[in-house]
Amino acid sequence: MTPPPTTPPRGRMRWLVLLAPAAALVLLALCLRAPFAAVGPVLGVLSDELAVSTTVLAVLTSLPLVCFGLLSPTAPALAARLGVHRAVLVGAAVLAAGVALRLAGTWGLFAGTVLLSGGIAVCNVLLPAAVRAEYGPRSAAVLGATTASMALSASFGAGLAQPLTAAGGSATAGLALWLLPVLAATAGVAVLARRRRVEPGPPAARLPVAAVLRDRVALAVTAFFGLQSLSFYAMLTWLANILEDDAGLSPAAAGGLLAVAAALGAPCALVVPPLAARRPGQTPWVLAGGLPIVVAIVGLLVAPAAAPAVWALLYGLGTGLLFPLAMTLVLVRTRDVAQTGRLSAAAQSAGYLLAATGPLAVGLLHDVSGGWRAGLALLLVLQACQLAAGLYAARPRLITEKRAEAPSASAARP
């Protein structure tokens, strides 16, 4: 007697169908920080290979943030024309092309960085919209997974930079090895895009990105996103130096504390979105993320050597909580996929341009004053502004957009 053909149980197939889009989007998110985070640890090797000074190559570490800020507003227009999934696919393909172009010597390294940054900017903006399109009301947990994957991506990029350089035989080859996961993620997104039929969006879907910023809640979300980004990148750039100079730690110990502090973002990203999205307001989460940073900065100002590990971990915990919270606010303050994309573009455009100025300002204040106290004082003031913006954005209200061409659009909201 011939046994019946084995087929997966219906329940198992349903779970596979449900989780496959999340897996593709999480894999793509894992590729959105590593290609530029991998540059810093191998700047010296790149300088020797390409006969270019490290001062010139250091531009590569800030270039992506500037590109994110300048190119993020183009993502919603691309999504309105192609559909969210196909726009994300274009971003992934541009990212892959940029990573590959880095093999072409010095000009390829810079041009490839600009190209891959453009692809990442599109994916950064549209990932929340793609998650919402796939999972609707259940999207918070998947958004948390993609945000955690971004946090891990930065750690993987920095941590694997030297091993990949050794495996590839050169720093440029090591950077190019990131093409493998990028191509795998692009293939997964291509499958999703092929399954999704592009339908003409409503007129509101084609509103410019600036339309969303006529609303006070949207402005608060944008300010909160920008200030938390500034806080994170200032920590990433200068915390190790502050711990060395003011707390007396060795470079290895300071770097280790920074790595642990940055890694706290991954578990936070898994927890915050699904829990924060359960309630209409997110005020407790704003305080839970903002106050530890305030304590950390005050500690670094008043008694840096008393408990350097505590200050570093509090700073990392705060920034780890606030980034996924900012992404969650983009999701829960908007009405539909198109509006989510526009708010995401506005918040990330302003946010990353602001984030690019933070490390520069702290560094300049250090050069002028000869110490870190002025820079830390500036960060403390900006942290107060971040808390104010976050508390306003956390109130349970949806944003409202108005057309610029309508005569009543300039009227104040009642």
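Note that the structure is a prediction, hence the values are computed from the model and not measured.

Procedures and definitions
- Residues numbered from 1 in each chain as written.
- Predicted model: local features only at pLDDT ≥ 70, side-chain atom pairs only at ≥ 80, totals over all residues.
- Heavy atoms only, no water.
- Helix = DSSP H or I, 4+ residues; strand = E, 2+ residues; numbered from the N terminus.
- Buried < 20%, exposed > 50% of the residue type's maximum accessible area, 1.4 Å probe, protein only.
- Contact = heavy atoms within 4.5 Å.
- Expected span 1.5 Å × (residues − 1).
- Core = buried A, V, L, I, M, F, W, Y, C linked by side-chain atoms within 4.5 Å.
- Phe/Tyr/Trp six-rings, centres within 6.5 Å; stacked < 30°, edge-to-face > 60°.
- Lys NZ or Arg CZ within 6 Å of the ring centre and 35° of its normal.
- pLDDT = per-residue confidence, 0-100.

**A word on the overall build of the protein**
Now for step 1: When you go through the protein residue by residue, the secondary structure sums to 19 helices and zero strands.
Now for step 2: Looking at the protein as a whole, 49% of its 414 residues qualify as buried.
Now for step 3: Put simply, of all contacts in the protein between residues at least 6 apart along the chain, 81% involve residues at least 24 apart.

**Topic: helix α7 (residues 84–101)**
Now for step 1: The end-to-end C-alpha separation of α7 is 26 Å, in line with the 26 Å expected for 18 residues at 1.5 Å each.
Now for step 2: Listed as buried for α7 are Val84, His85, Ala87, Val88, Gly91, Ala92, Leu95, Ala96, Gly98 and Val99.

**A few points about the nonpolar core**
Now for step 1: Grouped together as the largest cluster of nonpolar side chains are 110 residues, with contacts concentrated most on Leu28 and Leu46.
Now for step 2: Broken down by element, the residue count for this core peaks at 15 residues, all from helix α13 (residues 216–247).
Now for step 3: Leave out the neighbours within four places in its chain, and Leu46 touches Val39, Ala51, Leu57, Leu109, Ala171, Thr172 and Leu175.

**Let's talk about the packing of aromatic side chains**
Now for step 1: Applying the stated criterion across every chain, the model contains six aromatic pairs.
Now for step 2: Ring centres 5.2 Å apart and planes at 65° place the aromatic pair Phe68 and Tyr352 in the edge-to-face group. With Phe68 in helix α5 (residues 59–71) and Tyr352 in helix α18 (residues 337–369), the pair connects residues that are 284 residues apart, well separated along the chain. Summarising the burial analysis for this pair, Phe68 and Tyr352 share the class buried.
Now for step 3: Pairing Phe225 with Tyr352 gives two aromatic rings, centres 5.8 Å apart and planes at 85°, and the pair type is edge-to-face. Of this pair, Phe225 sits in helix α13 while Tyr352 sits in helix α18, placing them 127 residues apart in sequence.
Now for step 4: Accessibility expressed as a relative area gives 2% for Tyr352, which makes it buried.
Now for step 5: Cluster of aromatic residues (ring-pair linked, three or more members): Phe36, Phe68, Phe225, Phe323 and Tyr352.
Now for step 6: For Arg395, the ring lying beneath its charged end belongs to Tyr392, and the centroid distance is 4.3 Å.

**So, the confidence of the model for the protein**
Now for step 1: On average, residues of the protein score 83 in pLDDT, and 88% of them are at 70 or above.
Now for step 2: Throughout residues 404–414 the model reports pLDDT below 50, and contacts reaching past four residues in sequence, or to other chains, amount to eleven contacts.

**With respect to the environment of Ala133**
Now for step 1: You can see Ala133 is positioned in helix α8 (residues 105–135).
Now for step 2: Since its relative accessible area comes to 39%, Ala133 is described here as partly exposed.
Now for step 3: Remark: the alpha-carbon pair of Ala133 and Val84, spanning 49 residues in sequence, is separated by 8.1 Å.
Now for step 4: Apart from the residues within four sequence positions on either side, Ala133 is in contact with His85 and Val337.

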